[in-house]
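Given next are the chains, with one letter for each unit.
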Amino acid sequence: MTISGAWQRTARGAGLLAADGSVAASIFAEMSALAARTGAINLGQGFPDEDGPAVVLEAARQAISDGVNQYPPGRGQPILLEAIARHQQRFYGLTLDAGSEILATAGATEALAATILALIEPGDEVVTFEPFYDAYGGLIGLGGGIHRTVPLRAPDFQPDLDALRDAVTDRTRLIIVNDPHNPTGAVFPRETLELIVELANQHNALVVTDEVYEHLTFGAPHIPIATLPGAWERTVTISSGGKTFSLTGWKVGWLSAPAAIVTAILAVKQFLTYVNAAPFQPAIAVGLGLPDAYFDGIAADMKAKRDVLAPGLRAAGFEISVPQGSYFIVADATPLGFTDGTELCRKLPGLAGVVAVPIAAFCSPGNRAEYAPLVRFAYCKKEPLLEQASAQLAALSRS
């Protein structure tokens, strides 16, 4: 059986197939495999090395014991949808209708996929910031969209507002905003978010926000775009329980938007996973109802981990950008004599017994050279492991 030329062209354009027709392996898979093969400390792929809250884990076990093991409703279990609505009201003052304005998904990635595929047509332009989470480029390509980017540059990784104005035009259908931002750890200020809303209204675009790190900010407040004047009616807000509760493998995500937009996205989502995670949905609902001390605590804990790894990277000879959110640090390897972060990441297990990922993997091919010396380290690990990684990285400064 052969694959149609049209599909091959689409898949290659989206970065899903290599030139020889094989599946294009992501840099995350490559680096995680390298860590496993060499026994290096994996600070590349962003997943925690400890479980989430015991009460949430127990709620999942109880749901399984109670027989919550078959297909949930297509929009999600009411207990989860209602918990999301309460969460949005509690933290952001947003009032949502749980039955029509919220959709449960198989993680934030499916929410992004269903949203992009539902809301763009071939030839529509989609604006993101760059570097960008790699799924954005692939999904825009699969939908036949044209990907436009606005650069984020070190050391603060904030966009030039004039460049943002230039990027959004009457051809723009979606503006995708990842805030707090992966891979840079930047948190966008109100001025930037208000300009995004202004441009979306001016050019009749929709805004899609990826807010999976919403509770992991350090001194800089997280401002959901949907809370700003003129934003709600044209905004799709996406988040998940994976990062907030250190349960990335459960793949429980959600989105909220005006009812008509949610219905359009559901029309696509039902042909992706249909439904998912029946016993995990009520467990995540328990998590969303945890007291403020929990949410304050996870941010403080992640900041403490950042503050273990950051000095270690500086001592190793990197120049770093201190993140305001997420669980990633961007480090410039130029002072160590490396101008190619991808080359460094492939050598790093042998040099220091640590794995990272190059920032170039988060960039479009034409812009990778600008970000070539930069690498991303994940600090969502136990502090002793971060201390060990820091000690091993110190070997770089002596080599």
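The shown structure was predicted, so the numbers you read here are calculated from the model rather than taken from an experiment. (Residues numbered from 1 in each chain as written. Predicted model: local features only at pLDDT ≥ 70, side-chain atom pairs only at ≥ 80, totals over all residues. Heavy atoms only, no water.)

**Observations concerning the overall build of the chain**
Secondary structure assignment for the chain yields 14 helices and 14 strands. Here the chain, with 399 residues, has 57% of them falling under the buried criterion. Pairs at least 24 residues apart make up 74% of the contacts formed inside the chain by residues separated by at least 6 positions. Separation of charge centres in the chain, based on 28 positive and 40 negative side chains, amounts to 5 Å. (Helix = DSSP H or I, 4+ residues; strand = E, 2+ residues; numbered from the N terminus. Buried < 20%, exposed > 50% of the residue type's maximum accessible area, 1.4 Å probe, protein only. Contact = heavy atoms within 4.5 Å. Lys, Arg positive; Asp, Glu negative; His and termini not counted. Charge placed at Lys NZ, Arg CZ, Asp CG, Glu CD.)

**Quick look at the sheet that holds strand E11 (residues 328-332)**
Strand order in the open sheet formed by 4 strands is E10-E11-E14-E13, with antiparallel pairing between adjacent strands. In this open sheet, the two edge strands, each paired with only one partner strand, are strand E10 (319-321) and strand E13 (357-358). As defined by bridge partners, E10 adjoins E11 across 3 bridges and the pair is classed as antiparallel. Within E11, the residue paired with Ile320 across the bridge is Ala331. Along the sheet, helix H11 (residues 292-316) makes contact with E10, E11 and strand E14 (374-378), crossing E11 at roughly 10°. Along the sheet, helix H12 (residues 341-352) makes contact with E13 and E14, crossing E14 at roughly 45°. (Pairing = 2+ DSSP bridges. Axes fitted to C-alpha atoms, helices over the stretch in contact; angles between N-to-C directions.)

**What to know about the UniProt feature "domain: Aminotransferase class I/classII large" (unreviewed entry) in the chain**
Annotation from UniProt places "domain: Aminotransferase class I/classII large" (unreviewed entry) at residues 40-365. Secondary structure content for residues 40-365 is 39% helix and 17% strand, while the C-alpha to C-alpha distance between its ends is 28 Å. (UniProt positions renumbered as here; feature names shortened; annotations may be inferred.)

**So, the pairing of strand E6 (residues 172-178)**
For E6, the buried fraction is high: 6 of the 7 residues fall into the buried class. The sheet contact formed by strand E3 (residues 125-130) and E6 spans 4 bridges and is parallel. Directly across from Val126, in E6, lies its bridge partner Leu174. Both E6 and strand E7 (residues 206-210) contribute to a ladder of 5 bridges, which runs parallel.

**Let's talk about the nonpolar core**
With 128 residues, the main nonpolar core has Ile196, Val236, Trp250, Ile284, Phe318, Phe377 and Leu393 as its most contacted residues. Considering every element that reaches this core, the biggest residue donor is H11, with 9 residues. The residues touching Ile196, leaving out its near neighbours within four places in the chain, are Phe129, Leu164, Ile175, Val177, Val207 and Ile225. (Core = buried A, V, L, I, M, F, W, Y, C linked by side-chain atoms within 4.5 Å.)

**Observations regarding empty space enclosed by the protein**
One pass over the full model with this rule turns up 3 cavities of 30 Å³ or more. By volume, the largest cavity amounts to about 40 Å³. Surrounding the largest cavity, Gln88, Glu211, Glu214, Thr237, Ile238, Ser239, Trp254 and Ser256 form its lining. The leading source of residues in the lining of the largest cavity is strand E8 (residues 235-240), at 3 residues. A class-by-class count of the residues in the lining of the largest cavity yields 2 nonpolar, 4 polar and 2 charged. (1 Å grid on protein atoms, 1.4 Å probe; cavity = no way out; pocket = protein on both sides within 12 Å on 5 of 7 lines; lining within 4 Å. Points joined across faces, edges and corners; volume = space filled by probe spheres on them. Nonpolar A, V, L, I, M, F, W, Y, C, P; charged D, E, K, R; others polar.)

**Remarks on unusual backbone geometry**
A cis amide bond, omega -5°, links Asp179 with the succeeding residue Pro180. Position of Pro180 among the secondary structure elements: in the loop between E6 and helix H8 (190-203). Cis geometry is adopted by the peptide bond preceding Pro183, which originates at Asn182 and carries an omega value of 20°. Within the secondary structure, Pro183 sits in the loop between E6 and H8. Positioned with a positive phi, Asn204 is a non-glycine residue whose angle comes to about 55°. With respect to the element layout, Asn204 can be found in the loop between H8 and E7. Taking relative accessible area as the criterion, Asn204 reaches 54% and is therefore assigned exposed. A positive phi angle, close to 60°, is found at Ala277, a residue other than glycine. Looking at the element boundaries, Ala277 is found in the loop between helix H9 (259-269) and helix H10 (280-288).

**Thoughts on H8**
Its 14 residues place the ends of H8 20 Å apart at the C-alpha level, agreeing with the 20 Å of an ideal helix rising 1.5 Å per residue. For H8, the complete set of buried residues consists of Thr192, Leu193, Leu195, Ile196, Val197, Leu199, Ala200 and His203. Contacts made by the buried residues of H8 are with E3, strand E5 (158-159), helix H7 (161-167), E6 and E7. Of the residues one or two after H8, Asn204 is the one with positive phi, at around 55°. (Expected span 1.5 Å × (residues − 1).)

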